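Below are the chains, spelled out letter by letter.
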Amino acid sequence: MRRGVELVDEDLTSFEPKGGVKFFRDLIWASASDAGIQAEMHVSLNINTPDGGIDAEVDNNFEIEVQKANYSGVILEGKTGYQIKTGSKPSKSDCRKELLNKEGNIKPYIKNVLSEKGNYVYVTFSQLTPKERKERIRAIKEQLNDKDCDYGDIELFAINQLVKYGNRYPGLVYKYSSSEGGGIDIKTWSKRRAIRIPDKFIKTENRFESIQNIRSLLKKSGEEFGNISGCPICRITGTSGLGKSRLVYEAVHHEQFSARVIYADATNFEGSNLATTLEVDEERRAIIILDNCSRTQHRKFRNRYESYDRLSLITISTDSNRVSADLQDEITHLSRDTIKKILDSEFNNVSAQAIDRFASISDGFPEMALLLAERYTEDKDPKSVVEVSDSTVFDRLLIGNESDAPDLRDIKNILTPFAFFDRVHWKHSRTKTAQERQWLMKAFDLESDYSKSKISEVLQYAKNRGILREEQTLSLRTIPLATYLMREEIQEDNRILYLISSESCPDQLQWRFAGRITYMNTFDPVQMWSKNVLRNTEWFGEYGFNSAIGSIFQALSEITPQEALYVLEMYIGPQDRKGLEKIEGRRIILESLRRIAVWEEHFFSAAELLRKLAEAENNNGVLNNSTGIFSELFSSQYGPHPCSVKVSSLC
């Protein structure tokens, strides 16, 4: 009967040959690394192939104390050969025959091991009584003596021994049994999305160094970690979505560590039987990896386990505050080029242009970039490629598991104004920049809902988490997160759109709002607002756009191109060449027409307006690049639609 987290006989007796070898391979690695042995090991995964009598071989030079290395009982001093057998109980005769070849001589691999005074271990996944086990060991020794073979130790591991040895490592227990609660093994952990995607881990210089440092800590090697006598403790921090868990996985996903790994959520682990078992059972050995581990929890686990050299502890958190640890590493944003490499490797059917855009708007967050690319491949509508619908991802990005973290609703409300603008002047007291802060406080009802100290507290929290960037201004640069916050605000009440596009909004904020509009182009309220604003706004004065609203017009031309085209036709169409020459700030008009022209149904009309501007440029030397944009419409490069017009038809 199973009691808690443990292997029972039935877990191992049902193994097929390869399953038995895999278990024993894991057991050897767990035992070797636990003892600090740098062992050379070869374990054949096909034990039905004639191999000269040795299915697993360990060559151990024992560069540490012999007593410590012998503790596990699995690895013996010197060179050891293992003969692994699954299936029915072996007889004494079976044990003798396993030593001999067809000619009746000792098999060559066995002879090679024993010639160096090595050890021979017969491993059977069957049940033997203590008496039966002794009889079979005696039979093996008698056969070797009959053949005049010198040998070191002769051992036989049956189910009783294998269960006992395996139960020392909870990672093996979870992997090879139905035990549940408290944690999971590394194989189960590897199936989770955060570990499984992307398939290929791209190592940057910093992340490679982090992995090497974690491994050195676990081995207690090098000048920095060589003197650790108890439990090595590591702390990995960083904002959600940067790949903290994946980095830790890559560090421990090696045979030297993986068999000892237990992964768990810190809160679930804290009150589990496993947490207590690891503390009180001197036989248990594990690398404990605790995710979502707050400062308070880290302190508790450190105090609980720090004196046990049989354990290692790695905690993962979004809380970057310093704690007591042998190694603390903060994971930072990835470069745009690295994000592109990740996407190129994972999505080979996505265009370079799309990958470049995803890399740009994900702002160094690989999880964001992967979600965007995944959505893009599943949704055939290219307009929605930046609208990520998984709110859980964003909520995790907004708030961590710190005990003193603000309320999620407060964070959303206070950060939402920053989502609508590329950047915001917030701190400065000068009249011009202070105007932006005052306008936002009023427009988004912050001054009526929150005290100044509460707003400052939340903004500081967001800055500490890397969500808000602070240089001369405050900037919420993670576009998918900004899109999420804008969508929630607009779906509740879209009046903020009309406020921003009104004369009351500072010019600089309108300019910075324009850059965010296109990321809302799939929201129905935004499309309706775009149509209304385009129809009802006095866009042009005598010599071009009025004030700063030109930038908003350019963005709206991408959302509702038909209405934007109508406005431009009403303005440009009636003008003669002299009137066209007087237009100032034509860059926005040209860019708007270029965006409108990508729609097949609006191509001819947009091209006609560009032609008029180009003629004015050519005849009068006005440099506004109309000719260049007009020519690009008829480029020989492939586009989304087959070529259906000739330049001559418009010239």
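Remember, it's a predicted structure, so these values are computed and weren't measured experimentally.

1. Here we look at the overall build of the protein chain
A count of helical and extended segments in the protein chain gives 34 helices and 14 strands. When each of the 651 residues of the protein chain is scored for burial, the buried share is 54%. Looking at the protein chain alone, contacts between residues at least 24 apart form 74% of all its contacts between residues at least 6 apart. Total accessible area on the protein chain stands at roughly 30700 Å², and carbon and sulfur atoms take up 43% of it.

2. Side note on helix α7 (residues 159-166)
Residues spaced three or four apart along an α-helix face the same direction, because each turn holds 3.6 residues. A large share of α7 lies buried, amounting to six of its eight residues. Buried residues of α7: Ile-159, Gln-161, Leu-162, Val-163, Tyr-165 and Gly-166, and no others.

3. Some details on the packing of aromatic side chains
Here the structure, examined in full by the defined rule, presents 22 aromatic pairs. Judged by centre distance (6.1 Å) and plane angle (75°), the rings of Phe-23 and Phe-125 are edge-to-face. Placement of Phe-23 in helix α2 (residues 17-34) and of Phe-125 in the loop between β4 (119-124) and α6 (130-146) is noted, with a sequence separation of 102 residues between them. Each member of the pair, Phe-23 together with Phe-125, is buried. Put simply, the rings of Trp-539, Phe-540, Phe-545, Phe-553 and Tyr-571 touch in pairs and so form one group of aromatic residues. We note Arg-310 situated over the ring of Tyr-308; from NZ or CZ to the ring centre the distance is 4.6 Å.

4. A look at the pattern of salt bridges
Applying the stated criterion across every chain, the model contains 34 salt bridges. Note that Glu-142 and Arg-96 form a salt bridge whose closest N and O atoms lie 3.6 Å from each other. Of this pair, Glu-142 sits in helix α6 while Arg-96 sits in helix α4 (residues 92-97); the two residues are 46 residues apart in sequence, bridging distant segments of the chain. Owing to a relative accessible area of 37%, Glu-142 belongs among the partly exposed residues under this scheme. Here Arg-96 falls in the partly exposed class, since its relative accessible area comes to 28%. Among the ionic pairs, Arg-535 bridges to Glu-563, the shortest N-O distance being 3.4 Å. Taken together, the residues Arg-535 in helix α28 (residues 524-536) and Glu-563 in helix α30 (residues 561-572) connect sequence positions 28 residues apart. Judged by relative accessible area, which is 54%, Arg-535 ranks as exposed.

Reading guide: rules and limits
- Residues numbered from 1 in each chain as written.
- Predicted model: local features only at pLDDT ≥ 70, side-chain atom pairs only at ≥ 80, totals over all residues.
- Heavy atoms only, no water.
- Helix = DSSP H or I, 4+ residues; strand = E, 2+ residues; numbered from the N terminus.
- Buried < 20%, exposed > 50% of the residue type's maximum accessible area, 1.4 Å probe, protein only.
- Contact = heavy atoms within 4.5 Å.
- Areas by Shrake-Rupley, 256 points an atom, 1.4 Å probe, with all protein chains shown as cover.
- Phe/Tyr/Trp six-rings, centres within 6.5 Å; stacked < 30°, edge-to-face > 60°.
- Lys NZ or Arg CZ within 6 Å of the ring centre and 35° of its normal.
- Salt bridge = Lys/Arg side-chain N within 4 Å of Asp/Glu carboxyl O.

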